[in-house]
Number of protein chains: 2
Amino acid sequence: MTTILHGNIIHAPSFGALETVPNGYLILEDGVLQTVSPVLPEQYAACPVTDYGDALIMPSFADLHLHAPQYPMLGMGMDLPLLDWLDTYTFRTEARFEDLDYARRVYRRLARDLITSGTTRVSAFASRHTDATLILMEELEKAGVTGYVGKVNMDRNAGPSQEETAESLSETLRWLENCRFTNIRPILTPRFTPACTDGLMESLGKLAAERDLPVQSHLSENTGEIAWVKELHPDCPQYWESYHKYGLWKDRTLMAHCVHSDRREQEAMASSGVWAVHCAASNVNLCSGTAPVRELIERGVRVALGSDIAGGDQLAMNRVAVMSIRASKIKQIETGKPFLTVPEAYYLASTAGHLYFGGGAGFQPGHKLHAVVVDDSAFPEPTRPLTLSERFERSIYLMEKQHIKAVYSEGINRL
Amino acid sequence: MTTILHGNIIHAPSFGALETVPNGYLILEDGVLQTVSPVLPEQYAACPVTDYGDALIMPSFADLHLHAPQYPMLGMGMDLPLLDWLDTYTFRTEARFEDLDYARRVYRRLARDLITSGTTRVSAFASRHTDATLILMEELEKAGVTGYVGKVNMDRNAGPSQEETAESLSETLRWLENCRFTNIRPILTPRFTPACTDGLMESLGKLAAERDLPVQSHLSENTGEIAWVKELHPDCPQYWESYHKYGLWKDRTLMAHCVHSDRREQEAMASSGVWAVHCAASNVNLCSGTAPVRELIERGVRVALGSDIAGGDQLAMNRVAVMSIRASKIKQIETGKPFLTVPEAYYLASTAGHLYFGGGAGFQPGHKLHAVVVDDSAFPEPTRPLTLSERFERSIYLMEKQHIKAVYSEGINRL
């Protein structure tokens, strides 16, 4: 089946690049992009065209770190210190996901809000609850969100709802047996080193190797946590080595935050193929600091962005991209390292995440379409006609749900 | 005429305080608040009640620094260094306001967007154009926005549309003669020291004294600007003294930014009754830094918030409040000074601004009502019933136009 979309095409095929095709065409066969063309190729002249007129067609967003069961506490507790925030809000909120009806309602809403915000790929933490985790996967799949979801493993220092080690493992196996989805797959998710015993970490590392499963966790978010890991693992000179020791530090492992990762830790990421997920809003909200994104990229670390709800208060990834720009400007004032430009931040919020999941670099032929269509005609009237790259920049800053006219995931409009 | 509003009442009568009256009543006579009551007083039992049910009724927002003619460039040029940004966008955009039809369209839209975002008081910069400035005042008044507007004075270093000194003065007089509005009044607006000759500054200082007019301008936004002022006024040890010298540094003068104001400059503000307008988003966007808000307040300087569009990219003052919180968290990481809590930031975005214009401290009886009604029922379902202060916090973080159900300005709902 041929699908043809017409509009102003904008994408970021590589870090820092922005390519535009005014009044262009995307030609799809069974949802797979064939061509990006400035004119309608003659052989398609008779095909119907989905005409988005003067709207912008851009690759959709990917959110590589979010805590799905924290969605109910979005925008709350932000005045509390980290440990009080965890006790008062996070652990109690997550514990509620034993109630599967509640889980269903929250996850259905979250899945829909991801799509309506233009996010089509995620790597999400669920809670420790196997059945609620499966419900999250089901709701994401139904809504058209693709990517990874992890049942959280946590058998120490994790509040009222922590698991026994054996239960954590047996439930992980039960969860994996029941993961039967097309576009949502499992990712092993030890919460973070202080919340997992050595025995649990070791077993998860083995499981990751045996079943070739990806891994996600947290790294070097704040200084107290780093000191804590050092106490728990005196044999590990650095935080990352507590994951490495158990086989969890490997190609495509996602590590959220990396705020305090120094040169050695960054080089360990680059050489092992570990990805950093930058969560700028969350890191400021929780007074953790600002990750050295430019440095990570210069050292060859793959970086993508995460909303990190509900440490982050914004689900919409264009706002997360803007927060990353702001954080990088603060970093520039401090260190002189150049800030992230709008095309660079958009690349990290979009292309980088799609590449993580094996998607295309921007609108690269051969991949199923993941795209968002933005109608910017309701933004304030400019003084002169704008270039496409100006309209792109303005959309990243100003876009809200009501400006999004279509969201393609795996080649299908899910809005 | 008696008006009675029912809902959950929340206000910040003093810095850091948050008072809540669940299921309470606001009683107005001719728009003037008489009582805030937890029950409907008996003498009003027969009066009709405007029932906002479970919604939140909070004082509206005040935006004490915005450049109205920069609204068309919102969210653009943010990757450029300050001087390129001024040349490529700011001066050219403002020059367009010679066209009065264009000015009318942009200003009508801006006035409406202020109301629908919950902002009912402003102190705005217009452009240098007298007639367009009068149109801005007319459109704000029609929409129900109250406060001050200034025709900008700039007779050097201000791009293609700068004025001659004599013209700047005669046009200022013509503008003042034609300011015949009820709730929008003139404020003298020398753009900033580098854009005004000594002669112009001197004349404006005399005018301010003769007609008892308030003054607004910019102060210590970035280090290059500070050095420039020093070159232009070698007799002034500090930036603020270039205003002081000409009688522009006086009670209720509004000074935007104050990012680099040190102890001496801060003390000069406190002792003269000069207000600092903190513009967190703009200061980060333009890589200026972060103003020492906590320090300013501790030293007795009155502080309010400004969106500073279009250096700022957000018109909605709840987002500006959130950006102020984020900036203060970054400041805390750097200096240890405690960050702004949500009630504190809300006070600065609301009560502080209302007080500047002679309004009430929160819902203080004796003042015309300025309030916003927020329906938070569409936010994600919480795990348990929330307290009013949690609902308030979540609203400040998550509120968008579609959640605002009424906006009272001078006692009348203008939405």
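Residues numbered from 1 in each chain as written. Chains lettered and ligands numbered in written order. Predicted model: local features only at pLDDT ≥ 70, side-chain atom pairs only at ≥ 80, totals over all residues. Heavy atoms only, no water.

The next subject is unusual backbone geometry. Look at the link from isoleucine 309 of chain A to alanine 310 of chain A: it is a cis peptide, with omega at 10°. You can see alanine 310 of chain A is positioned in the loop between strand S14 (302-305) and helix H11 (317-335). Residue serine 220 of chain B is not a glycine yet carries a positive backbone phi of 45°. As for its placement among the helices and strands, serine 220 of chain B is situated in the loop between strand S11 (216-219) and helix H6 (223-232). (Helix = DSSP H or I, 4+ residues; strand = E, 2+ residues; numbered from the N terminus.)

A few words now on the relation of the copies chain B and chain A. Superposing chain B onto chain A requires a rotation of 180° together with a translation of 0.0 Å along the rotation axis, leaving an RMSD of 0.0 Å. Such values leave the two copies arranged in the relation of a two-fold axis. Taking C-alpha positions as reference, the residue of chain B nearest the rotation axis is isoleucine 330 of chain B, located at 4.3 Å. When the interface residues of chain B are mapped onto chain A, 98% of them again fall at the interface, so both copies present the same face. (Least-squares fit on C-alpha atoms with pLDDT ≥ 70 in both. Contact = heavy atoms within 4.5 Å.)

Take the interface of chain B and chain A next. Facing the 51 residues of chain B at the interface are 50 residues of chain A. With both chains or domains summed, chain B and chain A bury close to 4,400 Å², and 52% of this area falls on carbon and sulfur atoms. Contact with chain A buries area across many residues of chain B, yet Asp79, Arg326 and Thr383 of chain B alone supply 15% of it, more than any other trio. A salt bridge links arginine 105 of chain B to glutamate 381 of chain A, with the nearest nitrogen and oxygen atoms 2.7 Å apart. Linking chain B with chain A are 31 residue pairs in polar contact (both at pLDDT 80 or more), by the criterion used here. Counting only elements with at least two residues in the side of chain B that touches chain A, the list comes to helix H1 (82-95), helix H2 (100-116), helix H9 (280-285), helix H11 (317-335), helix H12 (342-349) and helix H14 (388-398) of chain B. No other element matches H11 of chain B, which puts 9 residues into the side of chain B that touches chain A. (Buried area = accessible area lost by both parts, 1.4 Å probe. Salt bridge = Lys/Arg side-chain N within 4 Å of Asp/Glu carboxyl O. Polar contact = N/O pair within 3.5 Å; in protein donor to acceptor, adjacent residues only side chain to side chain.)

Right, let's talk about H11 of chain A for a bit. All names here are of chain A. Over its 19 residues, H11 runs 26 Å from end to end, which matches the ideal 27 Å to within 8%, given 1.5 Å per residue. Extensive coverage of H11 is indicated by the burial of 15 of its 19 residues. Within two residues after H11, glycine 336 carries a phi angle of roughly 85°, on the positive side. (Expected span 1.5 Å × (residues − 1). Buried < 20%, exposed > 50% of the residue type's maximum accessible area, 1.4 Å probe, protein only.)

We now examine the sheet that holds S11 of chain B. Residues and elements named next belong to chain B. The strand order across the open sheet built from 4 strands is S11-S12-S13-S14, with neighbouring strands paired in parallel fashion. Taken across any chain shown, the strands that pair with only one partner, and hence form the sheet edges, are S11 and strand S14 (303-305). Across this sheet, the average inter-strand angle for adjacent strands is 35°, counted without regard to direction. By the bridge criterion, 4 bridges tie S11 to strand S12 (residues 254-257) in an arrangement that is parallel. Bridge pairing in S12 places leucine 219 opposite histidine 257. (Pairing = 2+ DSSP bridges. Axes fitted to C-alpha atoms, helices over the stretch in contact; angles between N-to-C directions.)

Right, let's talk about the pairing of strand S6 (residues 119-125) of chain B for a bit. Residue and element names in this part refer to chain B. Counting buried positions along S6 gives 7 out of 7 residues, so the element sits mostly inside the fold. As defined by bridge partners, strand S5 (residues 61-67) adjoins S6 across 5 bridges and the pair is classed as parallel. The partner of phenylalanine 61 across the bridge, within S6, is threonine 119. The pairing of S6 with strand S7 (residues 146-150) spans 5 bridges and is classified as parallel. Across the sheet, the residue bridging to arginine 121 is threonine 146, located in S7. Note that the unit made of S6, helix H3 (residues 130-143) and S7 has a crossover that is right-handed. (Right-handed = clockwise from strand over helix to strand, strands pointing away.)

Looking now at the confidence of the model for chain A. For chain A, the mean per-residue pLDDT works out to 97, and 100% of the residues sit at or above 70. This prediction of the complex comes with two scores: 0.98 for pTM and 0.97 for ipTM. (pLDDT = per-residue confidence, 0-100.)

Residue and element names in this part refer to chain A. In terms of domains, chain A is made up of domain 1 (2-60 + 362-413) and domain 2 (61-349). Residue-level contacts link 25 residues of domain 1 with 26 residues of domain 2. Together domain 1 and domain 2 conceal approximately 2,200 Å² of surface at their shared face, both sides included; 66% is due to carbon and sulfur atoms. When the buried area of domain 1 at its contact with domain 2 is split by residue, Phe15, Ile396 and Tyr397 rank highest and sum to 31% of it. Here domain 1 is connected to domain 2 by 3 salt bridges. Elements with a minimum of two residues in the side of domain 1 that touches domain 2: strand S4 (50-59), helix H14 (388-398) and strand S16 (404-409). Looking at which element gives the most residues to the side of domain 1 that touches domain 2, the answer is H14, with 5 residues. For the side of domain 1 that touches domain 2, the residue count by class is 15 nonpolar, 6 polar and 4 charged. (Domains from an automatic or database assignment. Nonpolar A, V, L, I, M, F, W, Y, C, P; charged D, E, K, R; others polar.)

Moving on to the packing of helix H3 (residues 130-143) of chain A against helix H4 (residues 165-177) of chain A. Residue and element names in this part refer to chain A. Contact geometry for H3 and H4: axes closest at 9 Å, N-to-C directions at 30°. By the angle between their axes, H3 is roughly parallel relative to H4. For H3 against H4, the interelement crossing comes out right-handed. Of the residues in H4, those in contact with Thr130, Asp131, Thr133, Leu134 and Met137 of H3 are Glu171, Arg174 and Trp175. Among the residues forming the contact of H3 with H4, the class breakdown is 3 nonpolar, 2 polar and 3 charged. (Parallel < 35°, antiparallel > 145°, perpendicular 65-115°, else oblique. Left-handed = near helix turned anticlockwise from the far one by under 90°.)

Before going further, it helps to examine the pattern of salt bridges. Taken as a whole, this structure holds 54 salt bridges over all chains when the rule is applied. Here lysine 206 of chain A ties to glutamate 202 of chain A by a salt bridge, and the two come within 3.8 Å at their closest N and O atoms. Of this pair, lysine 206 of chain A and glutamate 202 of chain A both sit in helix H5 (residues 198-210), 4 residues apart, which is roughly one turn of that helix. A residue is classified by how much of its surface remains accessible, and glutamate 202 of chain A, at 39% relative accessible area, is partly exposed. For glutamate 410 of chain B, the salt bridge identified is with arginine 121 of chain B, shortest N-O distance 3.7 Å. Taken together, the positions of glutamate 410 of chain B in the loop between strand S16 (404-409) and strand S17 (412-413) and arginine 121 of chain B in strand S6 put the pair 289 residues apart, joining distant regions of the chain. Looking at arginine 121 of chain B, the relative accessible area reads 8%, which means it is buried. Through salt bridges with shared partners, a single ionic network connects Arg104, Arg108, Glu138, Glu139 and Lys142 of chain A.

Moving on: the environment of glycine 77 of chain A. Here glycine 77 of chain A is to be found in the loop between strand S5 (61-67) and helix H1 (82-95). Each residue touching glycine 77 of chain A, except ones within four places of it in the same chain, is listed here: Trp85 and Tyr89 of chain A together with Glu393 of chain B.

Within the fold, serine 271 of chain A resides in helix H8 (residues 263-272). In sequence terms serine 271 of chain A and valine 301 of chain A are 30 residues apart; their C-alpha atoms lie 8.2 Å from each other.

Bringing helix H12 (residues 342-349) of chain A into the picture now. Within H12 of chain A, 8 of the 8 residues are buried, which leaves the element mostly enclosed by the surrounding structure. Three or more residues of H12 of chain A are buried, namely Val342, Pro343, Glu344, Ala345, Tyr346, Tyr347, Leu348 and Ala349 of chain A.

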